[in-house]
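Per-entry structural report
Below are the chains, spelled out letter by letter.
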Amino acid sequence: MKEQELVGWGWAGKQWLPQQWIKYRLQQPDWEQLWAEQSGCCAGCGEEFAHPLRKEGRVGLKPQTDHLHIKGKQCEREDVRGLLCGRCNTLLGKIRDNMVVLKGLLAYLKKYGELS
C-alpha cells in the first residue's frame, strides 16, 4: 500500500474550517476537543497528525473526520466518531464498518502472521 503523505502543521486553507461546519456540523472548539481526546493521533493506528491550523515546524498526516454514514441524513455533530488517517478511514469504508469482517481479518492476521 502506498505510503501516506506527511504534511506540515498549519496545512489547512481558509475554507477548511467552514467545510467542517458544512459537512459535519463541527465548530473549531468541537474539532479541537476531538484532537485533544486523541492527543493529535489517529484513533486507529496511532500515527501522529499535522494540526490543520497551528503553524509549527513539524510534520504529520492529515486527519480525516470519521462519522456515521446514515443514508439520506445530513451529518450532525453527534454522528462524528473521531479523527482517522486516510488509510484507517478508507479501511472502515471498504469493510462498511462491519465488525464481523474486521474480526475475521484480525483472526486471519493472527493465523498467518503480521507484516510491517
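Heads up: these notes are all about the structure in this document. Computed from a prediction, not measured in an experiment: that's the story for all the values here.

So, the pattern of salt bridges
Scanning the entire structure with this criterion turns up seven salt bridges. Note that R54 and E32 form a salt bridge whose closest N and O atoms lie 3.0 Å from each other. Within this pair, whereas R54 is found in the loop between helix 2 (28-37) and strand 2 (59-60), its partner E32 is found in helix 2, the two being separated by 22 residues in sequence. Here R54 falls in the partly exposed class, since its relative accessible area comes to 36%. Here D79 makes a salt bridge to K73, at a shortest N to O gap of 2.7 Å. A residue is classified by how much of its surface remains accessible, and D79, at 7% relative accessible area, is buried. Assessed through its relative accessible area of 39%, K73 is described here as partly exposed. A cluster of three or more residues bridged by salt bridges with shared partners is formed by E48, E56 and R58.

Calculation rules
- Residue numbering note: each chain is counted from 1, following its sequence as written.
- Local features in this predicted model are restricted to residues whose pLDDT is 70 or higher, and side-chain atom pairs enter the listing and the counts only when it is 80 or higher, whereas totals over whole chains, interfaces and linings include all residues.
- Working from all heavy atoms in the structure, the side-chain values ignore hydrogens and water.
- The working definition used for a salt bridge is a side-chain nitrogen of Lys or Arg within 4 Å of a carboxyl oxygen of Asp or Glu.
- By the criteria applied, helices consist of DSSP H or I runs no shorter than four residues and strands consist of E runs no shorter than two, each listed in order from the N terminus.
- Here's how the labels work: a residue is buried when its accessible area is under 20% of the maximum for its type, exposed when over 50%, partly exposed in between, all with a 1.4 Å probe on protein chains only.

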